[in-house]
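Residue-level structure breakdown
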Amino acid sequence: ARPGAVFSDFLRKAAAGGLCVCPHAGEEWHDKAGENIVQAVEDGATRIGHGIHALATEATGLPKAVADRLAALGASSLCDLLVQKDVTLEVCITSNSLIKSTEPMRYGASPVKLLIDAGVKVVLCSDDPGMWGDALGTCMHKEVEQALAAGVTREQVGECMARAFSISTAAPAA
């Protein structure tokens, strides 16, 4: 069974009902990370929490079965699937670093920069600032600093921030 499949019925009903579907998938490295990303997309996700292991390829440990599934969906890679389906990744560099989901660095560079360069839509997110002992504003400042340190340009950071507003499901201020 696919790890995310236990939630498929709920997610698909939510998507069919017009709700935003935004599961976490592909945050931690394990042999099901890619499968979780594909499952989330198939279940109607328009956003995925984290998803940094969308960079995985067979060379970096993506199981052949997932690569075959991607090919059946008409995608050459996990990043290609996200681009084709217009799925945005909500990336939290602080969280990924603290839980060591990018250790050892499989991809030779920060996942956030590589995802952006691959054409994947990314927003920078705080992901549980209370867990990290930060206020939201402080936490987001750290995310921007880390993105810049990873080679993301100021223009790309601005695009990430603008995208966060454009995909928000928050009600407009009265």
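Thresholds, definitions, all that
Residues numbered from 1 in each chain as written. Predicted model: local features only at pLDDT ≥ 70, side-chain atom pairs only at ≥ 80, totals over all residues. Heavy atoms only, no water. Buried < 20%, exposed > 50% of the residue type's maximum accessible area, 1.4 Å probe, protein only. Helix = DSSP H or I, 4+ residues; strand = E, 2+ residues; numbered from the N terminus. Arc of directions from axis to C-beta. Contact = heavy atoms within 4.5 Å. Pairing = 2+ DSSP bridges.

Topic: helix H1 (residues 8-16)
- Regarding H1, the residues found buried are Ser8, Leu11 and Ala14. Down the axis of H1, the smallest arc covering the buried residues is 135°, so these residues share one side. Facing away from the buried surface of H1 by more than 90 degrees, the exposed residues are Asp9, Phe10, Lys13 and Ala16.
- Tucked into the core, H1 has its buried residues touching helix H2 (33-42).
- At the C-terminal side of H1, glycine 18 shows a positive phi close to 85°.

Side note on the pairing of strand E3 (residues 88-91)
- Of the two faces of E3, the one lined by Thr88 and Glu90 and the one lined by Leu89 and Val91 are each fully buried.
- Of the strand pairs in this sheet, strand E2 (residues 47-50) and E3 are connected by three bridges, and their pairing is parallel. The residue bridging arginine 47 from the neighbouring strand is threonine 88, located in E3.
- By the bridge criterion, four bridges tie E3 to strand E4 (residues 121-124) in an arrangement that is parallel. Bridge pairing in E4 links valine 91 to leucine 124.

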